[in-house]
Amino acid sequence: MKRLQNNAIHHAKFRRRQLSAAIVSLLACGFASAQQVYWNPQGIYSGTGYWDTHVWWANHWEPGQSALPGADDDVIINTSGTADSIIRNWAGGPYVINSVNTYSGEETLVIESGGLTLNGAATADNATGLSTVSHFKQGGGYLQGTGHLVVNGNAILTNALQSGNATTTLKGGSTINNSLNLDAGRILRNEGAVAMKGSVNMNSSASGGAGRIDNAAGALWDAQGYDINVGATADLNQLPGYGVFNNAGTFRKSGGAGGTRSYAAFNNTGTVEVQTGRLELAAGGTHSGALKVANGAELNFNGGVHDLNDGTTLDVAGTLSVSNGTVTANAGANIAGTTRLSNNATLNLNQDWQTAGFIQSTGGFLQGTGHLTVTGSANLTNAVQSGPATTTLKGASTINNSLSLDAGRILRNEGTMTMKGSVSLNRTASGGAGRIDNVAGAVWDAQGYDFQGGYPSDLNQLPGYGVFNNAGTFRKSGGAGATRFYAAFNNTGTVDVQTGRLELAAGSSHTGILKVASGAELNFNGGTHELNDGTTTDVAGKVAITNGNLNANVGVNVAGHTSLSNNATLNLNKGWQTANFTQGTGGLLKGSGNLTVAGTANLTNAVQLEAGTTILQGASTINNSLSLDAGRVLRNEGVMTMNGGVNMNSTASGGAGRIDNVAGALWIAQGGQINAGTYADLGDLPGYGVFKNAGTFRNSSGAGTTTINAVFNNSGTVEVQAGRISMQGAATANGFSNAGTITTAGNASFETNMSGKIFSNTGRIDGDGAISLYGSNNSLTNAGLIGAGSGDAVGSLTIDLGNGGTFKQSAGGVLDFTLASLSSFDTLSFQGLNSKVELGGTLQLTGLAGFNFGAGDFTLMTFNPGALTGTFAHIVALGFDPSWHFDVKYLDNSVVLHATTSAVPLPSAAWMMLSGLALMGMRRAAGRRLAATA
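If you're wondering where the values come from, they're calculated on a predicted model, not measured in any experiment. (Residues numbered from 1 in each chain as written. Predicted model: local features only at pLDDT ≥ 70, side-chain atom pairs only at ≥ 80, totals over all residues. Heavy atoms only, no water.)

1. Details of the overall build of the chain
Part 1 of the argument: Counting its regular elements, the chain contains three helices and 93 strands.
Part 2 of the argument: Buried residues in the chain amount to 55% of all 934 residues.
Part 3 of the argument: Considering only intrachain contacts with a sequence separation of at least 6, the fraction spanning at least 24 residues in the chain is 45%.
Part 4 of the argument: Accessible surface computed for the chain: about 33900 Å², of which carbon and sulfur atoms make up 50%. (Helix = DSSP H or I, 4+ residues; strand = E, 2+ residues; numbered from the N terminus. Buried < 20%, exposed > 50% of the residue type's maximum accessible area, 1.4 Å probe, protein only. Contact = heavy atoms within 4.5 Å. Areas by Shrake-Rupley, 256 points an atom, 1.4 Å probe, with all protein chains shown as cover.)

2. Here's the deal with unusual backbone geometry
Part 1 of the argument: Positive phi outside glycine occurs at Asn159, with the angle close to 50 degrees.
Part 2 of the argument: Along the chain, Asn159 turns up in strand β14 (residues 155-163).
Part 3 of the argument: Classification of Asn159 by relative accessible area gives partly exposed; the value is 40%.
Part 4 of the argument: Here the phi dihedral of Ala407 falls at roughly 55 degrees; this positive angle occurs in a residue that is not glycine.

3. Brief notes about the side chain of Glu298
Part 1 of the argument: Its location among the elements puts Glu298 in strand β30 (residues 298-308).
Part 2 of the argument: A relative accessible area of 16% means that Glu298 is categorised as buried.
Part 3 of the argument: Within the structure, Glu298 has its side chain in polar contact with the side chain of Ser321 (distance 2.5 Å).
Part 4 of the argument: Excluding residues that lie within four positions of it along the chain, Glu298 makes contacts with Val274, Gly277, Arg278, Leu279, Val293, Thr319, Ser321 and Arg340. (Polar contact = N/O pair within 3.5 Å; in protein donor to acceptor, adjacent residues only side chain to side chain.)

4. Comments concerning the packing of aromatic side chains
Part 1 of the argument: Taken as a whole and assessed by the stated rule, the structure comprises 27 aromatic pairs.
Part 2 of the argument: Considering the side-chain rings of Phe451 and Phe474, the 6.1 Å spacing of their centres and the 55 degrees angle between planes classify their relative orientation as tilted. Of this pair, Phe451 sits in strand β45 (residues 451-452) while Phe474 sits in strand β47 (residues 473-476), placing them 23 residues apart in sequence. As far as the burial class goes, Phe451 and Phe474 line up, both buried.
Part 3 of the argument: The interplanar angle of 5 degrees and the centroid separation of 3.9 Å between the aromatic rings of Phe451 and Phe485 together place this pair among those described as stacked. (Phe/Tyr/Trp six-rings, centres within 6.5 Å; stacked < 30°, edge-to-face > 60°.)

5. Some points on the pattern of salt bridges
Part 1 of the argument: If you walk through the whole model with that rule in mind, you get 21 salt bridges.
Part 2 of the argument: Its salt-bridge partner being Glu280, residue Arg278 comes within 2.6 Å of it at the nearest N-O pair.
Part 3 of the argument: Among the residues examined, Arg278 registers a relative accessible area of 23% and is labelled partly exposed.
Part 4 of the argument: On the accessibility criterion, Glu280 (8% relative accessible area) is buried.
Part 5 of the argument: A network of salt bridges, in which partner residues are shared, links Asp227, Arg261, Arg278 and Glu280. (Salt bridge = Lys/Arg side-chain N within 4 Å of Asp/Glu carboxyl O.)

6. Quick look at the nonpolar core
Nonpolar side chains in soluble globular proteins tend to end up buried together.
Part 1 of the argument: If you look at the biggest cluster of nonpolar residues, it comprises 184 residues, and the most contacted ones within it are Trp221, Trp444, Trp576, Trp667 and Met861.
Part 2 of the argument: Once residues within four sequence positions are removed from consideration, Met861 is found in contact with Leu815, Phe817, Leu828, Phe830, Leu839, Phe872, Asn893, Ser894 and Val895. (Core = buried A, V, L, I, M, F, W, Y, C linked by side-chain atoms within 4.5 Å.)

7. Section: the side chain of Ser342
Part 1 of the argument: Of note, Ser342 is situated in the loop between β33 (333-341) and β34 (346-349).
Part 2 of the argument: The exposure class assigned to Ser342 is buried, which follows from its relative accessible area of 9%.
Part 3 of the argument: Ignoring any residue separated from it by four or fewer positions in sequence, one finds Ser342 in contact with Val322, Ser323, Asn324, Ser361, Thr362 and Gly364.

8. Some details on the environment of Gln354
Part 1 of the argument: Turning to its location among the elements, Gln354 is positioned in strand β35 (residues 353-360).
Part 2 of the argument: Residue class for Gln354 comes out partly exposed when judged on its relative accessible area of 31%.
Part 3 of the argument: Sequence separation of Gln354 and Gly337 is 17 residues, and the distance between their C-alpha atoms is 9.9 Å.
Part 4 of the argument: Contacts of Gln354, omitting those with residues within four sequence positions, involve Ala333, Asn334, Ile335, Thr373 and Thr375.

9. Overview of the confidence of the model for the chain
Part 1 of the argument: Mean pLDDT over the chain works out to 88, with 90% of the residues at or above the 70 mark.
Part 2 of the argument: Scored below 50 in pLDDT, residues 1-32 makes 40 contacts in the model with residues more than four places away or belonging to other chains.
Part 3 of the argument: Contacts from residues 904-934, a stretch scored under 50 in pLDDT, to residues over four places away or in other chains number 32 contacts. (pLDDT = per-residue confidence, 0-100.)

10. Some points on the pairing of strand β19 (residues 212-215)
Part 1 of the argument: Residues Arg212 and Asp214 line one face of β19 and the alternating positions Ile213 and Asn215 line the opposite face, and both faces are buried.
Part 2 of the argument: For strand β17 (residues 187-190) and β19, the ladder comprises four bridges, and the chain directions are parallel. Of the residues in β19, the one forming a bridge with Ile187 is Arg212. (Pairing = 2+ DSSP bridges.)

11. Let's talk about the pairing of strand β23 (residues 250-253)
Part 1 of the argument: By the bridge criterion, four bridges tie strand β20 (residues 220-223) to β23 in an arrangement that is parallel. Its bridge partner lying in β23, Leu220 is registered against Thr250.

12. Concerning the environment of Val556
Part 1 of the argument: Structurally, Val556 can be placed in strand β57 (residues 556-564).
Part 2 of the argument: Relative accessible area serves as the criterion here: at 6%, Val556 is assigned to the buried category.
Part 3 of the argument: Along the sequence, Val556 and Val539 sit 17 residues apart, while their C-alpha atoms lie 9.6 Å from each other.
Part 4 of the argument: In this structure, Val556 is in contact with Leu531, Thr537, Gly575, Trp576 and Gln577, ignoring residues within four places of it in sequence.

As structure tokens, then:
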């Protein structure tokens, strides 16, 4: 009876609810047939004893009878002090009992080898079937069965195996050494403090399902660098809710810089403390507790699906990393340390997430509707971000290799971004595009990589996306390479192209500053670009328009080079001034604004339209072709070299263009044509379709011909140094007029092609070449001056009047001949079938200083026999001693000047003065005539 009382006292320690349940069960089914067996029955021994030694045992119902306990027996370990009851792989083992309980509170149940099976049935002596021991050591062997084991004191588990659908509850200080294996429904419940100095496997065999660990509220699990494993056997999911670590207490990672990995699902409603090293959660889990990571430590979500739900708090001074699987943040976070996202992991933010540092690399995927704010540095390498939320970068950030934004994702840079990789703003074909906002005060430094627009099918699904908005500074640096925007670019801040080339290939809008350093290039290469009010330019390098449309709605000043080519259009609604200009390969210049080129201009296959003026102030070149139309004026103020043709009416609408070669300018034609076109709108703009030459128009193309098929108004100088200038078509449709100077070198000619028209000269024609009126029945009327040679040199000028042509000198006309000697003087030859010469006006004779000749005849003009009518009304001699007398002989086919001298010449000073006065009078008269015809 005494032992029954003691046993009852002992069992009073069992949990009340377990006892109640057991009583109900006993009442319903009856107690199991069992015996109560004592180990060390007298309780007088202490120390170590073995389970397999018979003398330690006594049957409760038969005192003094020793026997090993059986499967239905309830064992009580009873000593007077501290004792170890050791189970070993020895005779009689392994052992199967119903339950085991300690008596005094200092006994230790030891499984050294072999095994112990607890059946845990309710009996008359143990109504709950529960096993409770003071201390427990398992240094090998196994613990199994359906009976629960509670360890009130210390537990040491070394290379231990526990299995079966039961729970081992640890209430004191416990240690795991080397390894612990849980299997087939075994639960390890920690209610005390576990020091984990070895690994744990919650599914060590392929049958019976997995095990489980429950770290209860108030308990501590201190992992010191070892792993929690779940064997990947076929029975892993046989028992739902197993293969799991449930933490309601404190799970601590300590033990140095090493890592602890949980390949079991990890559910946290308590506290996770990562004090040192790295804690890896590699099989998913749910969280509604506290996650704490010390400075220098790391919490790593490394596989499975993790849900950070309401109640989750993060106190992270170290690193929180997501390197595999998916983490869904349903609770907001403020990370004082670093968030790292890498590999093929996904961080799904449904609430806002703030972090001091952020690293996203190697395919890491950020998504969700929650905003990400990075207050410090960010490093994005092969990163993907999507979903209708914003990533805000406040510190120094870097893109390496690539960054993809999609489905409404906004990247907002408030710090300094260094771009060392490409960016895609529409990575997939659904959900719309992403966007980048570089805000005021921020710097985006692109070092030679591209911005991609991505899939076109959903690019415009979200209006205002697929765009880079720059309100800060966008800088292109990083050497001679290019950064290309295949996404729209809007600039209200500063674009600073320091090196290489920045290409805007998908349209842009500008109200900010455009800066291009010497040797660098800003290239508008596709879409429509608007330079609006507020845009300012500081361009020492190059602005190129190579594709799409650029609308300049504000004045632009380019200190460097402007280039227009391919199928690009530069539409000037305001003035554009540039040091140098290149237009080629179909580039189109249009608009009402003027283009002023202070330096060199190169126009190749160029088209210029509409009511603006292109002003060329330096050395310019036309190659292949130039088309002017719809009111466009080309104003040459410098030196133009024409290596191709010009068309001043290349389309059928808007009227024609015009060329102004101003006073002091030089236009060098090296062959080719200047055409006015034949479209019906040629006369829509009066005064257009015209070449106005007030400077010098020079042909220097060797034996080639420059053809002008446009109205040519000459008030300057036309020089035919070589080859031919041929006026035809529109140039001679109403005859031809010269109010300036036409001079032809030897073997060169100035030609008109017309019939029944008048070539009217009110200016000057001279030289050693030819003036040819091709066609029939034309007239050359001279109210100006015609002379052979040029300057002080004597020469011979041929005038071919064509078939039936006529030379007519009016009363105001002058034929000028320079005389140097009897063998050196100007001559004028009139040619042409059935041509006629009608003289009048003035014959002007100019003597060269130092002339040397005696009396004699000078054949000044020749023509067809019988072609001459009329005589000179006046003969003026300039630069001669007044002792000389000149008589004109009008012969059948020539005009001959006869010179004689008187006996008493005037002093040289006197006749030189008189001849000078006469020359001055002639020049004044000629000036009046030219002024009257201008």
